[in-house]
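# Chains, contacts and geometry: an overview
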Amino acid sequence: MSALELSPYPGDKLQSLEKLALCRESQLSMLLTLFGERSHLSFPSIFIYGHTGTGKTYVLQTALRTLELPHVFVNCVECYTARILFEEILNQLYNHCPGPENEFSSYERCDTFNEFVRFFKRATASRGLRNETVYIVLDKADLLREMDANLLPGFLRLQELTGDNVTVILLTEIAWETFRPNTGCFEPLTIYFADYSKVELQKILSSDHPEDYSPEFYASYINILLGVFYTVCRDVKELRHLAALNFPKFCEPVVKGEAKETDTHKLWRNIEPHLKRAMQTVYLREISRAATDCVRVQGLS
């Protein structure tokens, strides 16, 4: 029996989740265990970390949307001040979208954490959400440390401060030991998303095979692709982009009638120079990204 089958959620939705979140069954199972049923009191805060491209944001968004759980999803890059962050959370709770008809104003003006606690309680009451868990997801959460000193400790204790059934989920690329503020705070429950293995990437990327070609043919192409890129890139989004970009060139001899799908050696000779050029670009981008991440972590520590 799959671990997901023990979840209280409908079986059809769980099956859909399993198909959408390939190779992330253990993390998904842990999330659903922590979520419990909609009306259950949940853990106050969850800290999810792992390198970019490991499925953190995708798996969490997919789970919340598929199970239709009340949630707010905020990117801390876009909400770069406490006020913008508070108001964006409240806007989403009220389904309010700033636009020309409201002069691009937020639903509530909210400047302090005390005001946010009061407005949040009012929002959950007016929206009929007092009897079920509301999830607040803060993506790129490491940027919270550059804002007001009380912001991170406050969000970690939001359930206690509001008296509501609310769970705050922090998404970041750095470990809690590096993330934890020096002043101390409530300890969240941590979930780690490891890099995908080569076998897992093969399975995920092969699932995207075009209908015009056999799964075996596309899987052989993915095997070649990973043979070139796996040492420099584990980001599934980047690899998916590379796979889609270079597949027409891989198929070219088959389309022209110069080779069959089983002529692996001939197909490899045709695609090899294109993959090697693409690899140089990816390698330089990964080096640049690693340097940027190193600077960011040093600045936050």
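To be clear, the structure that these remarks concern was listed above.
Reference entry: report on the structure contained in this document. (Residues numbered from 1 in each chain as written. Predicted model: local features only at pLDDT ≥ 70, side-chain atom pairs only at ≥ 80, totals over all residues. Heavy atoms only, no water.)

## With respect to the overall build of the protein
The criterion, for reference: In DSSP terms, a helix is any run of H or I states spanning at least four residues, a strand is any run of E spanning at least two, and both are numbered starting from the N terminus. A contact between two residues is defined here by any heavy atoms of the two lying within 4.5 Å. Here the open area of atoms and residues is found with the Shrake-Rupley method and a 1.4 Å probe, where only the protein chains shown may cover a residue.
A tally of regular secondary structure across the protein gives twelve helices and five strands. The principal-axis extent of the C-alpha atoms belonging to the protein is close to 70 × 45 × 45 Å. Intrachain contacts of the protein at a sequence separation of at least 6 include 74% that bridge at least 24 residues. When the accessible surface of the protein is split by element, carbon and sulfur atoms take 52% of a total near 15300 Å².

## Brief notes about the pairing of strand E3 (residues 134–139)
Our working rule: Accessibility here uses a 1.4 Å probe with only protein chains present; expressed as a share of the type maximum, an area under 20% marks a residue as buried, one over 50% as exposed, and anything in between as partly exposed. Following DSSP output, two strands are said to pair if at least two bridges run between them.
In terms of residue burial, E3 counts as a mostly covered element, since six of its six residues are buried. Alternating residues of E3 divide into Val134, Ile136 and Leu138 and Tyr135, Val137 and Asp139, and every residue in both groups is buried. For strand E2 (residues 71–75) and E3, the ladder comprises five bridges, and the chain directions are parallel. Bridging across to E3, Val74 finds its partner in Leu138.

## A word on the sheet that holds E3
Pairing between the strands of a sheet comes from backbone hydrogen bonds, and it takes one of two forms, parallel or antiparallel. Short version of the rule: Orientation is described by lines fitted to C-alpha atoms, with helices fitted over the stretch in contact, and by angles between N-to-C directions that extend from 0 to 180 degrees.
Strand order in the open sheet formed by five strands is E2-E3-E4-E1-E5, and the pairing between neighbours is parallel. Either end of the sheet is taken by a strand with one partner, and the two such strands are E2 and strand E5 (189–192). Averaged over all pairs of adjacent strands, the angle between their axes in this sheet comes to 15°, without regard to strand direction. Bridging between strand E1 (residues 45–49) and strand E4 (residues 166–172) involves five bridges; their strand directions are parallel.

## Examining the side chain of Thr133
As a reminder, the rule being used: A 3.5 Å cut-off defines polar contacts: any pair of N or O atoms within that distance qualifies, except that in protein one atom must be a possible hydrogen donor and the other a possible acceptor, and neighbouring residues in sequence count only when both atoms are side-chain atoms.
Take Thr133: it is sitting in the loop between helix H5 (113–126) and E3. For Thr133, a relative accessible area of 2% puts it in the buried group. Only 3.1 Å separates the side chain of Thr133 from the backbone oxygen of His40, close enough to count as a polar contact. If near-sequence neighbours (up to four positions away) are discounted, Thr133 is found in contact with Arg38, His40, Ser42, Pro70, Asn165 and Thr167.

## Topic: the packing of aromatic side chains
Formally: In summary, the pairing rule links any two rings of Phe, Tyr or Trp, Trp by its six-membered ring, whose centres are within 6.5 Å, and it sorts them by plane angle into stacked for under 30 degrees, edge-to-face for over 60 and tilted for everything else. Note on geometry: a ring has a charge over it if NZ (lysine) or CZ (arginine) is within 6 Å of the ring centre and within 35 degrees of the ring normal.
Applying the stated criterion across every chain yields a total of 24 aromatic pairs. An aromatic cluster of at least three residues, connected via ring pairs, comprises Tyr213, Phe217, Tyr218, Tyr221, Phe247 and Phe250. A cation over a ring is seen here: Arg24 above Tyr196, with NZ or CZ 4.0 Å from the ring centre. The ring of Tyr230 carries Arg234 above its face, with NZ or CZ at 3.8 Å from the centroid.

## Overview of the packing of helix H4 (residues 82–93) against H5
Selection criterion: Throughout, the term roughly parallel applies to angles under 35 degrees, roughly antiparallel to angles over 145, roughly perpendicular to angles from 65 to 115, and oblique to all others. In the scheme used here, Gly and all other residues not listed as nonpolar or charged are polar, with Ala, Val, Leu, Ile, Met, Phe, Trp, Tyr, Cys and Pro taken as nonpolar and Asp, Glu, Lys and Arg as charged.
At a closest axis distance of 11 Å, the pairing of H4 and H5 adopts a crossing angle of 5°. When the axis of H4 is compared with that of H5, the two are roughly parallel. Here Phe86, Ile89, Leu90 and Leu93 of H4 come into contact with H5, specifically with Phe113, Phe116, Phe119, Phe120 and Ala123. Here the contact of H4 with H5 is built from residues that sort into nine nonpolar, no polar and no charged.

## Comments concerning the environment of Asn131
Here Asn131 lies in the loop between H5 and E3. Considering only alpha carbons, one finds Asn131 and Ser206, 75 residues apart in sequence, at a separation of 42 Å. Here Asn131 is in contact with Arg38 and Ser39, once residues within four sequence places are set aside.

## Digging into helix H3 (residues 56–66)
Buried residues of H3: Lys56, Val59, Leu60, Thr62, Ala63, Leu64 and Thr66, and no others. At the exit of H3 stands Glu68, carrying a positive phi of roughly 55°.

## Things to note about unusual backbone geometry
Unlike most non-glycine residues, Cys23 shows phi in positive territory, near 65°. One can find Cys23 in the loop between helix H1 (11–20) and helix H2 (25–35). Accessibility expressed as a relative area gives 9% for Cys23, which makes it buried.

## Thoughts on the packing of helix H9 (residues 198–206) against helix H10 (residues 215–229)
How we decide: Less than a right angle of anticlockwise turn of the near helix away from the far helix marks a crossing as left-handed, whereas a clockwise turn marks it as right-handed.
Relative to each other, H9 and H10 sit at 135°, their axes nearing to 9 Å. Considering their axes alone, H9 and H10 lie oblique with respect to each other. For the element pair H9 and H10, the recorded crossing hand is right-handed. Contacts between H9 and H10 involve Lys198, Leu201, Gln202, Leu205 and Ser206 from the first element and Tyr218, Ala219, Ile222, Asn223, Leu226 and Gly227 from the second. Residues belonging to the contact of H9 with H10 are distributed by class as follows: six nonpolar, four polar and one charged.

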